[in-house]
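This is what each chain is made of:
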Amino acid sequence: MSQRINSALIATLAVLLCSGCGQSSSDNKKTADTDQSTDEWRHFEKVRFGMEPYGDHTYAIIGVKKGWFKEVGIDLEYRCVKTDDVVPFLESETLDVASCPPAFLYSSHENSPDLITFVLGDLFKGFGIMAQPAGHYKSYKEFLKEGKPPAEAVKAAVGQMRGKTFAYPAETAIKPFIELALKNGGLKHDDFTALVLDDPLTINAMRQKRADFQVGGAPSRIVLQREGCNCILSSDDLAAAAKPSPDSPELASVLEDGWATKRKYFDAHHDTILRLASVNFRIIDFMNNHQQEALELHMPYLSQVTGQKFSPEEGAIIYNDLDPFIGFNDQKQWFHNPKSTYYYRNLNGSIVNNFKSQGIYKKKPPTVDDVIVAGAVYDELVGLRDKAAAELKQLRKAPPADEEGQDLGIKLAQTYFDQFDYLDAEKLASKLVEKMKH
């Protein structure tokens, strides 16, 4: 079926869905405009959306360019925002939704307790300490090959930073990795010179030889690798041998990134939240199954907001190695398998414990579930999916419809279903079932 709904189907939907199945929960009294000849028959809700300038936070641009937000009735007013602005912009309601690590929300929970993550997207394991190539520094993996046990290999790799200059951004999400690397490496902060800069400026510090080592986001790691720098220790190295437990400190160096909002917005615009989540999963499915096309849409925007050129080949490194994006079905492990290393309470619990050890909480620390509501949203989508599947099965078993609109409605419901828009698939299918009974 065409991605844009034809006028005949719109007229049918006006009859079948007199209340407008595609409308947002906050505007249920508005009715469809049957005079339009596209899928803009539904009410559009503007969502002010912020993206950090990283590969794992700018992928919404794919949905924008494909028109997928508009297909679910969302007018995404997107912008790139600085890392330090994410929490204050959400708190002040300058933004409705932002792509960011839940770690930001844990660290700011005392002052902003109403910020929550409602959907997850990728597993960020791309933090890496980059070293100047002229220094001939050895990596953790090289020390392993020499026969050192893992703990000694970490200590040897990090120990090379003693007396050197280390550049890194002042980002909450990166602190657990840095602190764990230093602790396991036997270093304290006064054992090196710290150069705390915005992420793009840390690249310049390495280029200008003002820094010997650097850590930042995936884009800066890709840039420095491209320019010959060597990764001496990565978050993946630290997490490789971690036990599936919130008491495993190594897990704090890995992040499950997602989209966040304020609880007030979550409650008042719940249908919109579900539709945003559906587009998130649709984009991820596209990234995993049509990677080249996704990269051709994504990398120009990432290049634009970072000021660094990223080719599709370099973007593939982000997708496949540094920031693997996890699809809808595979995220079941994150929410329902406590034995998984990446079970959300294991990984995020480790992050919370890391912040506790840093003494950042003056009052009662947050629990994982104070911030992560993505599991509840995921389960709600699964319930809608299963209900819609049963209703579509019932409709297909029914005698041939007498009205063309019934057949078109079934096709549209299936289209919604195939696009992970389980909310609208179930709403439309249930109305068709009810109509069939009468």
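Q: Where do I start with the overall build of the chain in this structure?
A: Along its length, the chain carries 21 helices and 10 strands. In the chain, buried positions account for 56% of the 438 residues. Looking at the chain as shown, the accessible area adds up to about 18300 Å², and 49% of this sits on carbon and sulfur atoms.

Q: Teacher, can you tell me more about the environment of F355 here?
A: Positionally, F355 belongs in helix α17 (residues 344–357). Spatially, the C-alpha atom of F355 lies 7.7 Å from that of P176, the residues being 179 residues apart in sequence. Setting aside its immediate chain neighbours within four residues, F355 contacts A103, Y106, S107, T172, P176, I360 and Y361.

Q: Just to check I follow, could you spell out the pairing of strand β5 (residues 128–131) for this structure?
A: Along a regular strand, successive side chains alternate from one face of the sheet to the other. Residues G128 and M130 of β5 are buried on one face, and the alternating residues I129 and A131, pointing to the opposite face, are buried as well. The sheet contact formed by β5 and strand β9 (residues 230–234) spans 4 bridges and is antiparallel. Bridge pairing in β9 places I129 opposite L233. Note that β5 and strand β8 (residues 213–214) share 2 bridges and pair antiparallel. Among the inter-strand pairings, M130 is bridged to a residue of β8, identified as Q214.

Q: Help me out: how do you make sense of the sheet that holds β5 in this one?
A: Across the sheet, which stays open at both edges, the 5 strands sit in the order β7-β6-β8-β5-β9 with mixed pairing between neighbours. Looking at the sheet topology across the chains shown, the edges are occupied by β7 (193–196) and β9. Of the pairings in the sheet, the one linking strand β6 (residues 165–168) to β7 comprises 4 bridges and is parallel in character. Residue pairing across strands places T165 opposite T193, the latter belonging to β7.

Q: Can you help me understand unusual backbone geometry in this one?
A: Most peptide bonds adopt trans geometry, and most residues besides glycine take a negative phi value. The phi dihedral of H136 is positive, around 55°, even though this residue is not glycine. Summarising the element assignment, H136 is placed in the loop between β5 and α6 (140–145). We classify H136 as exposed; its relative accessible area is 69%. Positive phi is not limited to glycine here, since F420 has a value of about 70°.

Q: Looking at this structure, I do not really get the packing of helix α7 (residues 150–159) against helix α8 (residues 175–185). What am I missing?
A: A pair of packed helices is characterised by two quantities: the angle between their axes and the separation of those axes. The interhelical angle for the contact between α7 and α8, taken along N-to-C directions, is 105°, at an axis separation of 7 Å. If you check the angle between α7 and α8, you find them roughly perpendicular. Facing V154, K155, V158 and G159 of α7, the residues of α8 in contact are A181, L182, N184 and G185. For the contact of α7 with α8, the per-class residue count stands at 4 nonpolar, 3 polar and 1 charged.

Q: Any chance you could explain the environment of D271 here in plain terms?
A: Summarising the element assignment, D271 is placed in helix α13 (residues 270–289). A polar contact is formed between the side chain of D271 and the side chain of K427, at a distance of 2.8 Å.

Q: Quick question: what am I supposed to make of the pattern of salt bridges here?
A: In the structure shown here, the tally under the stated rule is 17 salt bridges. Here K262 makes a salt bridge to E93, at a shortest N to O gap of 3.5 Å. Separated by 169 residues along the polypeptide, K262 in strand β10 (residues 255–262) and E93 in the loop between α4 (86–91) and β3 (97–100) bring together distant segments of the chain. K262 gets classed as buried once you look at its relative accessible area, which sits at 13%.

Cut-offs used in this document
- Residues numbered from 1 in each chain as written.
- Predicted model: local features only at pLDDT ≥ 70, side-chain atom pairs only at ≥ 80, totals over all residues.
- Heavy atoms only, no water.
- Helix = DSSP H or I, 4+ residues; strand = E, 2+ residues; numbered from the N terminus.
- Buried < 20%, exposed > 50% of the residue type's maximum accessible area, 1.4 Å probe, protein only.
- Areas by Shrake-Rupley, 256 points an atom, 1.4 Å probe, with all protein chains shown as cover.
- Contact = heavy atoms within 4.5 Å.
- Pairing = 2+ DSSP bridges.
- Axes fitted to C-alpha atoms, helices over the stretch in contact; angles between N-to-C directions.
- Parallel < 35°, antiparallel > 145°, perpendicular 65-115°, else oblique.
- Nonpolar A, V, L, I, M, F, W, Y, C, P; charged D, E, K, R; others polar.
- Polar contact = N/O pair within 3.5 Å; in protein donor to acceptor, adjacent residues only side chain to side chain.
- Salt bridge = Lys/Arg side-chain N within 4 Å of Asp/Glu carboxyl O.

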